[in-house]
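Per-entry structural report
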Amino acid sequence: MARGKIQIKKIENSTNRQVTYSKRRNGLFKKANELAVLCDAKVSIIMLSGSNKVHEYISPSTTTKEIYDSYQKTLNVDIWSSHYAKMQEELRKLKEYNRKLLTEINQRMGDCLEELDFKQLHALEQEMDSSVTVIRALKYKRLSGQIDTHKKKFRNMEETHRRLLHELNYIEKDEAREDPRYGLVDNGGGYSQVIGFPHAAQQVLALRLQPTADYNVHSGAGSCLTTYTLLE
């Protein structure tokens, strides 16, 4: 049965278009290889798909550069000259732009100012003043942020310190209540006659010490009351 003639037009379906491209590309490369082997020809094929993927075939006996060089030599043309000229022009523009940037940087550092007239110097001064204003504002903003951070840390440390002091005082009070060897004694006065200092009753503190097994009693005295003068 005769094969139907295919109408040559763009395939709208992307999947079918990609499948057709792959099949025909492989067929084209196969024919190019047969041509190179059968006829001892130098064949080079470069293809770009619809998705800009590059596919290339080159005869095993040559390279792409050799093909281009032979093409230019045979036709007496230079396919690189226009491209090289464009690259040189682009390089010149980049060098000029770089030179201007270096000059502006040096002028902002106080160098290369001799070639500037009064208006240019005034404009440079205004630009520098504006830059300084922006930099100073940003510096104060960062400094204010650091100060706020340190204040928060300091408040946290103070709160931690107060909490630790409160816990320490609570522990000391508990230990004082639990230790039976120490305690305050209130005899209602008369300490000035005992110590021998008149008008000193308000400055005397009496402590009661619980006798222990190794307590040494002198001269038959069995009292365990010790008095201390409070210093103002």
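Remember, it's a predicted structure, so these values are computed and weren't measured experimentally.

The next point concerns a nonpolar patch on the surface. Together, Y71, L75, V77, I79 and W80 make up an exposed nonpolar region whose accessible area comes to about 480 Å². Take V77: it is sitting in the loop between α2 (64–75) and α3 (81–108). Among the residues examined, V77 registers a relative accessible area of 37% and is labelled partly exposed.

So, on to the side chain of Q107. Relative to the elements of secondary structure, Q107 occurs in helix α3. The contact partners of Q107, leaving out residues within four places of it in the chain, are C112, L113, E115, L116 and L124.

By size, the foremost hydrophobic cluster in this structure holds eight residues: Y21, F29, A32, A36, V43, I45, M47 and Y57. Elements with a minimum of two residues in this core: α1 (14–39) and β1 (44–48). Ranked by the residues each element gives to this core, the list is headed by α1, at four residues.

Another aspect to go through is the pairing of strand β2 (residues 54–58). Bridging between β1 and β2 involves five bridges; their strand directions are antiparallel. Residue pairing in the sheet places I45 in a bridge with Y57 of β2.

Definitions and cut-offs
- Residues numbered from 1 in each chain as written.
- Predicted model: local features only at pLDDT ≥ 70, side-chain atom pairs only at ≥ 80, totals over all residues.
- Heavy atoms only, no water.
- Patch = residues over 30% accessible without salt bridge, like charges linked within 9 Å, V, L, I, M, F, W, Y side chains within 5 Å.
- Areas by Shrake-Rupley, 256 points an atom, 1.4 Å probe, with all protein chains shown as cover.
- Salt bridge = Lys/Arg side-chain N within 4 Å of Asp/Glu carboxyl O.
- Helix = DSSP H or I, 4+ residues; strand = E, 2+ residues; numbered from the N terminus.
- Buried < 20%, exposed > 50% of the residue type's maximum accessible area, 1.4 Å probe, protein only.
- Contact = heavy atoms within 4.5 Å.
- Core = buried A, V, L, I, M, F, W, Y, C linked by side-chain atoms within 4.5 Å.
- Pairing = 2+ DSSP bridges.

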